[in-house]
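One-letter residues, chain by chain:
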Amino acid sequence: MSENNGFFITFEGPEGAGKSSQVAALAEYLTSRGRECILTREPGGTGLAELIRQVVKSHNSGETVHDETELLLMEAARAQHVREKILPALNQNKVVICDRFSDSTRAYQGGARKLPMAVIDYLNDFASAGRKPDLTILLDLSPEAGFARISSREPEGFDRFENEKLDFHRQVRQAFLDTAEAEPERFCVIDATLSKEEISEKIRQVIDAALF
Ligand SMILES: Nc1ncnc2c1ncn2[C@@H]1O[C@H](COP(=O)(O)OP(=O)(O)O)[C@@H](O)[C@H]1O
Ligand SMILES: [Mg+2]
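Residues numbered from 1 in each chain as written. Chains lettered and ligands numbered in written order. Predicted model: local features only at pLDDT ≥ 70, side-chain atom pairs only at ≥ 80, totals over all residues. Heavy atoms only, no water.

Undergrad: Can you tell me about the sheet that holds strand E1 (residues 7–12), naming the residues and giving the values?
TA: Read from one edge of the open sheet, five strands run E2-E3-E1-E4-E5, paired in parallel fashion. Looking at strand neighbours, the two that pair on one side only are strand E2 (37–41) and strand E5 (187–191), the edges of this open sheet. Neighbour to neighbour, the strand axes of the sheet diverge by 20° on average, direction disregarded. Inspection of the sheet shows E1 paired to strand E4 (residues 135–140) by four bridges, in the parallel sense. If you follow Glu12 over to E4, its bridge partner there is Leu138. Together, E1, E2, strand E3 (95–99) and E4 form the strand contacts of helix H1 (residues 19–32), whose direction differs from that of E3 by roughly 170°. Packing of helix H7 (residues 166–182) onto the sheet brings it into contact with E1, E4 and E5, and relative to E4 it is tilted by some 145°. (Pairing = 2+ DSSP bridges. Helix = DSSP H or I, 4+ residues; strand = E, 2+ residues; numbered from the N terminus. Axes fitted to C-alpha atoms, helices over the stretch in contact; angles between N-to-C directions. Contact = heavy atoms within 4.5 Å.)

The following block contains the structure:
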């Protein structure tokens, strides 16, 4: 079997955009077409990386999580996830579907937290061993619409990112759109206000063209 012959798909967009719904639908579709796939997420995806996820999303001891620390925790989780799970699956010719990846780091830690994009791009490349997604689906949604969808989701309150103000999330959205514009061959941008079924259908069309 040749090296790294799998296909790497990432889903990006704000909370509430429908990433979790659509990754599940896509995994079901690929399986029905006889293509082996794994479903994973960032930050997280392995035991160690999920521990880092808990820290980075929910830390609330009163000690500030500095932006630089947040970035390095995201990248540490990614380095582990890529080597432990993503690359091995791609090497077995599987389709890897990942809920968030490096473009989220550009959007949140770059676009919104304002850490230097050159540092982020360097660390993204380092953490992911230079393996870029073959396809990135950006589910584009306004922060207002995203919050309306998730307002009932977290009875114990929002995590550190969801607690940020609307303006933070507007910057996240813009950074996602800027990244997509810079790499149109990798990105497929979908209006996340469409129905779940309409979005699934658009994704299936893109996947059919790429894989079947
Ligand atoms: N296209 C859609 N239209 C309306 N509601 C949606 C759509 N996609 C998802 N939802 C709903 O929005 C909420 C967030 O969806 P989810 O898939 O968890 O998004 P994400 O993983 O991006 O946060 C859920 O209640 C889900 O049922
Ligand atoms: Mg989700």
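Undergrad: Mind laying out the site of ligand 1, listing which residues take part and the relevant values?
TA: For ligand 1, the set of nearby residues contains 15 residues, the closest of which are Gly16, Lys19, Ser21, Leu194 and Lys196. One of the backbone nitrogen or oxygen atoms of Gly18 is found 3.0 Å away from an oxygen atom of ligand 1. Take Lys196: an N or O atom from its side chain is 2.8 Å from an oxygen atom of ligand 1. In isolation ligand 1 has 560 Å² of accessible area, and contact with the protein removes 75% of it. Those elements that provide at least two residues to the shell around ligand 1 are H1 and helix H8 (196–211). The element that contributes the greatest number of residues to the shell around ligand 1 is H1, accounting for three residues. (Near = heavy atom within 4 Å. Polar contact = N/O pair within 3.5 Å; in protein donor to acceptor, adjacent residues only side chain to side chain. Areas by Shrake-Rupley, 256 points an atom, 1.4 Å probe, with all protein chains shown as cover.)

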